[in-house]
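Spelled out, the chains give:
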Amino acid sequence: AQSVTQPDIHITVSEGASLELRCNYSYGATPYLFWYVQSPGQGLQLLLKYFSGDTLVQGIKGFEAEFKRSQSSFNLRKPSVHWSDAAEYFCAVERGDDKIIFGKGTRLHILP
Amino acid sequence: GAVVSQHPSWVICKSGTSVKIECRSLDFQATTMFWYRQFPKQSLMLMATSNEGSKATYEQGVEKDKFLINHASLTLSTLTVTSAHPEDSSFYICSASGTESASSYNSPLHFGNGTRLTVT
């Protein structure tokens, strides 16, 4: 069965530092992969998605993610974080028939 | 861009009563809507999938008689939590997929802002 693993529950980085959030997936075929961000008490906002093609995907707010089939990973990166990036980040895989399965999330904390 | 509106954003109800949550697609036709539940500091768990004009498909372990889902039109789906109990308190989020599936390059799922349900 398809699954998504986000090994880090919490990540703390200093403002201006680089960021990498890890995501590993389990899926038999070429997966459709997503990263979403959720601010407290809010819904989800799509940061970026990978369906096919270039394995380095650019998203909104300066985020990017790289699909690595050999490692079954889809890590999210940002070269320089801002205090407003503090939020919960979810990696997700499409299970098929448009059903998206989410990882447990990584809470990002930003130090001033 | 596509917008999904969810209402109410929060609701408090007494144990034993029923609560209805609405999910509307504002500028596109949502052929499929999904309902998720999120416990505090946890991930989103898919509860059910509804297609306009047909019965919802529930995930394993979700009580269909307790969580009634109706998708009567291409812009509206409702989730009714019947005979609510304190353990039903949670954050419920809907998402909608348009005529292009999420598998299409140009059409990801769109999410509402969620409804915080507290049952006292």
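It should be emphasised that the depicted structure is a prediction, and the values quoted were computed from it without experimental measurement. (Residues numbered from 1 in each chain as written. Chains lettered and ligands numbered in written order. Predicted model: local features only at pLDDT ≥ 70, side-chain atom pairs only at ≥ 80, totals over all residues. Heavy atoms only, no water.)

Undergrad: Help me understand the pattern of salt bridges in this model?
TA: Two side chains carrying opposite charge are able to pair once their charged atoms lie near each other. All names here are of chain A. For the coordinates displayed, the defined rule picks out seven salt bridges over all chains. One salt bridge connects R77 with E64, and the closest N-O pair in it is separated by 3.2 Å. Separated by 13 residues along the polypeptide, R77 in strand β9 (residues 73-78) and E64 in strand β8 (residues 64-68) bring together distant segments of the chain. For E64, a relative accessible area of 19% translates into the label buried. Residues E66 and R77 are paired through a salt bridge, measuring 3.3 Å at the closest nitrogen-oxygen approach. Of this pair, E66 sits in strand β8 while R77 sits in strand β9, and the two are 11 residues apart along the sequence. Residue classification places E66 among the partly exposed positions, given a relative accessible area of 23%. A network of salt bridges, in which partner residues are shared, links E64, E66 and R77. (Salt bridge = Lys/Arg side-chain N within 4 Å of Asp/Glu carboxyl O. Helix = DSSP H or I, 4+ residues; strand = E, 2+ residues; numbered from the N terminus. Buried < 20%, exposed > 50% of the residue type's maximum accessible area, 1.4 Å probe, protein only.)

Undergrad: Quick question: what am I supposed to make of the state of the cysteines here?
TA: Structurally, a disulfide amounts to a covalent bond that connects the sulfur atoms of two cysteines. Residue and element names in this part refer to chain A. Using the criterion set out here, one finds two disulfides over all chains in the structure. Between C23 and C91 runs a disulfide, and the two sulfur atoms are separated by 1.9 Å. Disulfide C23-C91: torsion about the S-S bond near -65°, hence left-handed. You can see C23 sitting in the loop between β3 (19-21) and β4 (24-26) and its partner C91 sitting in strand β10 (residues 87-96), a full 68 residues away along the chain. Of the residues examined, C23 reaches a relative accessible area of 0% and is grouped as buried. (Disulfide = S-S within 2.5 Å.)

Note that all results are geometric; they support no functional claim without further evidence.
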